Amino acid sequence: MLRFLYFINFNFLNKNNGNRSIKKIKYIILRKIANFWVNFLYRLPFKHKTIGINNNVKRQNKVIVSLTTFPARINVIWIAIESLLRQTYRPDEIILWLAKDQFNGLDNLPEKLIEQQKRGLSIRFCDEDLRSHKKYYYAFKEYPKDIIITVDDDVIYPKNTLEVLIELNKIYPNNICCNRAHLIKMKKDKTIESYKKWTHNPAGFIGPSKLLCPTGVSGVLYPPNSIDLEVLNKDSIRSLCFYADDLWLKIMSLKNNTSVIKSSNFSYDLFTIESSQKESLGEINVAGNKNDEQLKAVLNKYNVPFD
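What you are looking at is a predicted structure, and each value in this text was computed from that prediction instead of being measured. (Residues numbered from 1 in each chain as written. Predicted model: local features only at pLDDT ≥ 70, side-chain atom pairs only at ≥ 80, totals over all residues. Heavy atoms only, no water.)

## A look at the pattern of salt bridges
Here is step 1 of the chain: Enumeration over the complete set of coordinates arrives at 19 salt bridges.
Here is step 2 of the chain: With a closest N to O distance of 3.4 Å, E128 and R238 form a salt bridge. Of this pair, E128 sits in the loop between strand 3 (121-126) and helix 5 (134-142) while R238 sits in helix 7 (residues 234-240), and the two are 110 residues apart along the sequence.
Here is step 3 of the chain: Classification of E128 by relative accessible area gives partly exposed; the value is 27%. (Salt bridge = Lys/Arg side-chain N within 4 Å of Asp/Glu carboxyl O. Helix = DSSP H or I, 4+ residues; strand = E, 2+ residues; numbered from the N terminus. Buried < 20%, exposed > 50% of the residue type's maximum accessible area, 1.4 Å probe, protein only.)

Structure follows, in C-alpha cells:
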C-alpha cells in the first residue's frame, strides 16, 4: 500500500505541472492516507526474530544509519525507524542519538521505541545537545572508517531508500551520495544566490557536482574521508551554523574537495509523519532566511571553492 501511495505521489503529482496549490492539497491527502496506513500496519504484532540490521555478512566498511530526535518527536520517531528496519538493504547498525539533558535514560522512552532494540536499533545518549548535528557528529567521530548514512526523524522511508544509496556508492565510491539535493545558484560575481533561489531537488541534474547540496530528509551517504575533520569543531558549529546541519556539512565537504551525486529515484517528496511537524527546523530556516545568515557566517570563516 505504501509503495502504491508513493507511486501515485510521483506519477500524478510531481510529473504534473499543474496548479501548485492543488498539488499541495493532493499531497496532503496522500500523506494522511500514508500515515493512517503505517500507523495501522506498524502497530500489528511483529516477530522480534525478524532483524532489521545485518548480522551475517562481514563488510569491508560497516554501513551505519545515524539519526537523532528531540522531545517533541520522541513519541512518533518509532514510525521512521520502523520504515528503516524494513529496508531491502540491511545496514550493520541503526543508531539513534539522544541528548542526555533531554531524556532521562531508557526507562523514560516510549515502549515502542524500546521494543525496536530487539530488532537492531541502538539508542545512544550524548553528553551535549548539538541539535540536528547529533545525527552525524557522534557517528563521524566513532566510526571514521565506515560508511555513514544520515536520515531525518520525521519521514516514512520507502523500503529501497538505503539500497539506492548503496548502489550509487558502488559506482561513485568517493562521492557523497544522496536521494535529494538542491542545486546551488551562483551570481555573475561568483557569490552564492539566496537559498530560496536555489533549484530545489532538480530532477534532471544528478551530478557529480560540487554545486549540489544534499538535504538530509531522504538520506545522505558519506563515504569514509569525504568530510573535512573541521566538521567536528563544536565551537564553530554552535557559533556559525547551529540550526543548519545540511549547510555545515556541505561546506565541510567542499573543504575536503568532495563532490555530490544525486539519485534519480526520489524526485518526489517523501511522506512526513504528521504529528512530527509541530516543530520544524526547516520552516524556521527557510521562512526566516536563517539559512542565508548561517551560510554567510560559515563562508566568511572558510574560503572554499565551488568549482
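## Remarks on the sheet that holds strand 2 (residues 93-99)
Here is step 1 of the chain: Taken in spatial order, the seven strands line up as 3-2-1-4-9-5-10 in an open sheet, and their pairing is mixed. At either end of the open sheet lies a strand with only one pairing partner, and these are strand 3 and strand 10 (260-262). For this sheet the average axis-to-axis angle between neighbouring strands, irrespective of direction, equals 25°.
Here is step 2 of the chain: Together, strand 1 (63-68), strand 2, strand 3, strand 4 (147-150) and strand 9 (220-222) form the strand contacts of helix 5, whose direction differs from that of strand 2 by roughly 120°. (Pairing = 2+ DSSP bridges. Axes fitted to C-alpha atoms, helices over the stretch in contact; angles between N-to-C directions. Contact = heavy atoms within 4.5 Å.)

## A word on the packing of helix 8 (residues 245-255) against helix 10 (residues 290-301)
Here is step 1 of the chain: Axis separation between helix 8 and helix 10 bottoms out at 10 Å; the angle between their running directions is 30°. As summarised for this structure, helix 8 and helix 10 are arranged roughly parallel, according to the angle between their axes. Taken as a pair, helix 8 and helix 10 cross one another with a handedness that is right-handed. On the side of helix 8, the interface is formed by L247, W248 and I251, while helix 10 contributes N291, L295, V298 and L299.
Here is step 2 of the chain: Here the residues of the contact of helix 8 with helix 10 are counted per class, giving six nonpolar, one polar and no charged. (Parallel < 35°, antiparallel > 145°, perpendicular 65-115°, else oblique. Left-handed = near helix turned anticlockwise from the far one by under 90°. Nonpolar A, V, L, I, M, F, W, Y, C, P; charged D, E, K, R; others polar.)

## So, helix 3 (residues 77-85)
What sets the pattern is the α-helix's 3.6 residues per turn: residues three or four places apart point alike.
Here is step 1 of the chain: Judged by how many residues are buried, helix 3 sits mostly within the fold: nine of nine residues are covered.
Here is step 2 of the chain: Every buried residue belonging to helix 3 is among I77, W78, I79, A80, I81, E82, S83, L84 and L85, and all of these are buried.

## Comments concerning the pairing of strand 4
Here is step 1 of the chain: Neither face of strand 4 is open: one carries I147 and I149, the other I148 and T150, and all of them are buried.
Here is step 2 of the chain: In this structure, strand 1 lies alongside strand 4, joined through four bridges in parallel fashion. Following the sheet pairing, V65 is matched in strand 4 by I149.
Here is step 3 of the chain: By the bridge criterion, three bridges tie strand 4 to strand 9 in an arrangement that is antiparallel.

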